[in-house]
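# Fold and geometry: a report
What follows is each chain in one-letter form.
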Amino acid sequence: ALAYGNREQIDNGVRFNTAANDFQVLELIGQKDVLRSLAQESPGGGEGPSIDYKLPDRISMASRNDQQIVQVMKADLAGTLYHMATPVLTTYVYREAEIVNTADEDLLGGPINVYLDGRFVGRGEIGTVARGQTFVVGFGADPQLRARRELADKDEQVQGGNRVLSFNYRLSIENFKDRPVTVRVVDRLPYAEREHEIKITLDSKKQPLSADAFYLRRERPRGILRWDVDVPAAASGEKAAVVDYAYTLEFARNLEITNPTAPGEALQRDLE
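No experiment lies behind these values; they were computed from the predicted model shown. (Residues numbered from 1 in each chain as written. Predicted model: local features only at pLDDT ≥ 70, side-chain atom pairs only at ≥ 80, totals over all residues. Heavy atoms only, no water.)

## Observations regarding the layout of surface pockets
Within this model, the second largest pocket holds a volume of roughly 1,500 Å³. What lines the second largest pocket is a set of 27 residues, and nearest its centre among them are M73, L107, P111, I112 and I126. Of all the secondary structure elements, the ones that give two or more residues to the lining of the second largest pocket are β3 (110-116), β4 (119-126) and β5 (134-159). The element best represented in the lining of the second largest pocket is β3, accounting for six residues. When grouped by side-chain class, the residues that make up the lining of the second largest pocket number 18 nonpolar, six polar and three charged. (1 Å grid on protein atoms, 1.4 Å probe; cavity = no way out; pocket = protein on both sides within 12 Å on 5 of 7 lines; lining within 4 Å. Points joined across faces, edges and corners; volume = space filled by probe spheres on them. Helix = DSSP H or I, 4+ residues; strand = E, 2+ residues; numbered from the N terminus. Nonpolar A, V, L, I, M, F, W, Y, C, P; charged D, E, K, R; others polar.)

## Considering the nonpolar core
Grouped together as the largest cluster of nonpolar side chains are 27 residues, with contacts concentrated most on V183, V231 and Y245. Sorting the residues of this core by element identifies β5, β6 (162-175), β7 (181-188), β9 (224-231) and β10 (241-252) as the ones contributing at least two each. Here the element with the most residues in this core is β10; it accounts for six residues. Setting aside anything within four residues of it in sequence, one finds V231 in contact with I173, N175, P180, V181, V183 and A241. Grouped together as the second largest cluster of nonpolar side chains are 10 residues, L107, L116, F135 and V137 included. (Core = buried A, V, L, I, M, F, W, Y, C linked by side-chain atoms within 4.5 Å. Buried < 20%, exposed > 50% of the residue type's maximum accessible area, 1.4 Å probe, protein only. Contact = heavy atoms within 4.5 Å.)

## A short note on the environment of A130
Considering the arrangement of structural elements, one finds A130 in the loop between β4 and β5. Along the chain, A130 and L107 lie 23 residues apart, while their C-alpha atoms are 6.5 Å from each other. Apart from the residues within four sequence positions on either side, A130 is in contact with N101 and D106.

## Examining the pattern of salt bridges
Pairing between side chains becomes possible if they bear opposite charge and their charged atoms approach one another. This model, assessed by the stated rule, comprises nine salt bridges. Taking the shortest distance from any N to any O, the salt bridge between D187 and R149 comes out at 3.0 Å. Within this pair, whereas D187 is found in strand β7, its partner R149 is found in strand β5, the two being separated by 38 residues in sequence. Judged by its relative accessible area of 1%, D187 falls in the buried class. Ionic pairing is found between E156 and R163, a salt bridge with its closest N-O pair at 2.9 Å. Here the salt bridges share partners, and the residues they tie into one network are D212, R226 and D228. (Salt bridge = Lys/Arg side-chain N within 4 Å of Asp/Glu carboxyl O.)

## Some thoughts on the sheet that holds β10
Strand order in the open sheet made by the eight strands is β8-β10-β6-β5-β2-β1-β7-β9, with mixed pairing throughout. Single-partner strands in this sheet number two, and they are β8 (198-203) and β9. Direction aside, the axes of adjacent strands within the sheet are offset by 35° on average. In terms of strand pairing, β6 meets β10 through 12 bridges, oriented antiparallel. From the neighbouring strand, R170 faces β10, where its bridge partner is D244. (Pairing = 2+ DSSP bridges. Axes fitted to C-alpha atoms, helices over the stretch in contact; angles between N-to-C directions.)

Okay, structure coming up:
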């Protein structure tokens, strides 16, 4: 989502992710009948580089005390617009663009005003972007798309000295447009730093994960799941596009799953 400054963006990210963390821990430790009764809805550092820009001509400015904006460069940059859904955080589906800085200059980090089809859609913030580097800009929520995440089933068994928890999830995307769209649907598995204590096995054979090279290299090892889903036109209700997947969690019977008491600082560092 677009925010009015980097600090607000990070604070909102901490709040949304903390709420999602709490809910996912409840999925791990809660009883199946209790979980079925719950319906998940939408939750409503350091100095940078110095960059010089060469102006082609002199610029005259009015002599006044208020802030003035001066254009120092203009460039048309190639990019790819796509939709991103993270139903574990929100039911809204957002428009984003991956843009390559093909300009002759680096882009200095700071606040940005964002427009789509000539309409102002919000304010955001970008970091410093080097020439040739790819960066992402958000264009707000698409009002004609919705996403939902449902815990379809949960099962618990004891095998030898281990507990085995099995989860089945359904992610659904509704499209109210009169044309099909492709949506990047993202979810996440529990992440265990001590892998020898907890074994996590994913079952997504019905709908394979995205083959995007960057995703497989950077995000998949951290438990992030992504599907590139083609959603037909006018696909709502029973016609919504769905992603079904399952995973099992196996660990020693005496190992207790709890929610971290103060995850905020580490989460804030990750978002920054």
